[in-house]
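What follows is each chain in one-letter form.
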Amino acid sequence: MNVQAFYRLIDGLSPFLLSKELCEKEDLYDNSGVIIDAGKEFDKVLCALDLSVGAVEEAKRLGCGLIFTHHPAIYRPIKNVGGAVLESAKAGISVISAHLNLDCAPRGIDYNFAKALGAENEKILTPLSVAESGYGRSFSLNLPLGEFVEKAEKELNTKAICYGDKNSFIKTAASFCGEGLDELALSEEADVYCSADVKHHVILAALERGKAVVSFTHYASENYGMKKFAEELTKKLSAQNIKIYYFDDTRFV
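The rules we used
- Position numbers for residues start from 1 in each chain and track the written sequence from start to end.
- Note on the predicted model: pLDDT of at least 70 is required for a residue's local features to be given, and 80 or more for side-chain atom pairs to be given and counted; whole-chain, interface and lining totals, by contrast, use all residues.
- Note that the side-chain values use all heavy atoms of the structure and ignore hydrogens as well as water.
- Axis definition: a line fitted to C-alpha atoms, over the contacting stretch in the case of helices. Angles run 0 to 180 degrees between N-to-C directions.
- Numbering of helices and strands runs from the N terminus; a helix is a DSSP stretch of H or I covering at least four residues, while a strand is a stretch of E covering at least two.
- Every angle not falling under 35 degrees, over 145, or within 65 to 115 is termed oblique; those three ranges are roughly parallel, roughly antiparallel and roughly perpendicular.
- Helix crossings are classified by the rotation of the near helix relative to the far one: an anticlockwise turn of less than a right angle makes the crossing left-handed, while a clockwise turn makes it right-handed.
- Contacts are residue-level and defined by heavy atoms, with any inter-residue pair within 4.5 Å sufficient.
- Two strands make a pair as long as DSSP finds a minimum of two bridges between them.
- Only centres within 6.5 Å qualify two rings of Phe, Tyr or Trp (six-membered ring in Trp) as a pair; their planes then separate them into stacked at under 30 degrees, edge-to-face at over 60, and tilted for everything else.
- When a residue's accessible area, from a 1.4 Å probe over protein chains only, is under 20% of the maximum for its type it is buried; when over 50% it is exposed; and in between it is partly exposed.
- Geometrically, a lysine NZ or arginine CZ counts as sitting over a ring once it is within 6 Å of the ring centre and also within 35 degrees of the ring normal.
- Cysteine sulfur pairs qualify as disulfides if the two atoms are within 2.5 Å.

Focus on the packing of helix α1 (residues 3-13) against helix α9 (residues 218-237)
Okay, so step 1: Where α1 meets α9, the axes come as close as 12 Å, and the angle between the chain directions of the two elements is 120 degrees. Comparing their axes, α9 and α1 come out oblique. As for the relative orientation of α1 and α9, their crossing is right-handed in sense. Contacts from F6, L9, I10 and L13 in α1 reach F229, E232, L233, K236 and L237 in α9.

Now the structure itself:
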């Protein structure tokens, strides 16, 4: 397989146009797509949330010709090249990143974050043009806040910070993978808001309204869904004898 063939596969499962659409809708920026094309055929792919030196070393050890990441390996324009990007290029390893499009994909990272929290029949808060795609989810629950947090921590293999009375009973939740919870997102009526990298003033605004906030690490809120997507890639590529590996960055687990 080559870089362009893998790009087309990702585009079919997680259309890159979703990134452009969300950026236009929410005034955001993204840099998803082919980051490095080493021009080589490959039969092994390493999936990872980030392009780190550790991920590159693992790809070299396994003989992977491509690293597929969620967070863009290069986000904004840079003036010089070093670190993991340089190491990947030197090793002849290609890199493709799928960021906001993978967040918003029908079975993408935001979808899987909500599922990890126990969502069923969830509503997409910012729907996009592709069926079942979009960002932010709301869903019904029926349990104490403390029990909800314990279940989420177990499923996501992490520890969360809970702002609110753990003995309170929650019936509705809103979730946003990554750093998606802002003051605008609080307009969605919910008993508890779940996200990562939540700013203090947003937490305060929620608490002032008698709502709870559960803040996860950015890694935990997105690594879960990235792993699920890697499992989907494994199924899609098994007939082509393309091996998919996953890199868990233990510094965040």
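Observations concerning the sheet that holds strand β3 (residues 66-69)
Okay, so step 1: Spatially, the five strands line up as an open sheet ordered β1-β4-β3-β2-β11, and their pairing is mixed. Each edge of the sheet is formed by a strand with only one pairing partner; in this case those strands are β1 (33-36) and β11 (243-247). The average undirected angle you get between the axes of adjacent strands in this sheet is 25 degrees.
Okay, so step 2: Here strand β2 (residues 44-48) runs beside β11; their pairing, made up of five bridges, is parallel.

Remarks on the packing of aromatic side chains
Okay, so step 1: For the coordinates displayed, the defined rule picks out eight aromatic pairs.
Okay, so step 2: Between the aromatic rings of F6 and F42, the centroid separation amounts to 6.3 Å while the plane-to-plane angle is 70 degrees, which identifies the pairing as edge-to-face. In this pair, F6 is assigned in helix α1 and F42 in the loop between β1 and β2, connecting sequence segments 36 residues apart. Assigned by exposure class, F6 and F42 land together as buried.
Okay, so step 3: Geometry around Y245 places K243 over its ring, the cationic atom sitting 5.7 Å from the centre.

A few points about the sheet that holds strand β10 (residues 212-216)
Okay, so step 1: Reading across the sheet, the six strands line up as β5-β6-β8-β9-β10-β7 and stay open at both edges, with mixed pairing between neighbours. Both outer strands of the open sheet, β5 (123-127) and β7 (161-163), are each paired with one neighbouring strand and no more. With strand direction ignored, the average angle separating the axes of adjacent strands in the sheet is 20 degrees.
Okay, so step 2: In this structure, β7 lies alongside β10, joined through three bridges in antiparallel fashion. In the sheet register, I161 faces β10, and the bridge partner there is S215.
Okay, so step 3: The strands touched by helix α6 (residues 109-116) are β6 (134-144), β8 (169-175), β9 (192-196) and β10; relative to β6, the strand with the most contacts, the crossing angle is about 0 degrees.

Concerning the state of the cysteines
Note on terminology: disulfide describes a covalent bond linking the sulfur atoms of two cysteines.
Okay, so step 1: Scanning all chains against the criterion turns up zero disulfides.
Okay, so step 2: Cysteine C162 shares no disulfide, and the gap to the nearest cysteine sulfur, in C194, comes to 8.9 Å.
Okay, so step 3: Looking at C162, the relative accessible area reads 18%, which means it is buried.
Okay, so step 4: Here C177 is not disulfide-linked; the sulfur of C104 is the nearest cysteine sulfur, at 7.7 Å.
Okay, so step 5: On the basis of relative accessible area, C177 is assigned to the buried category, the value being 2%.

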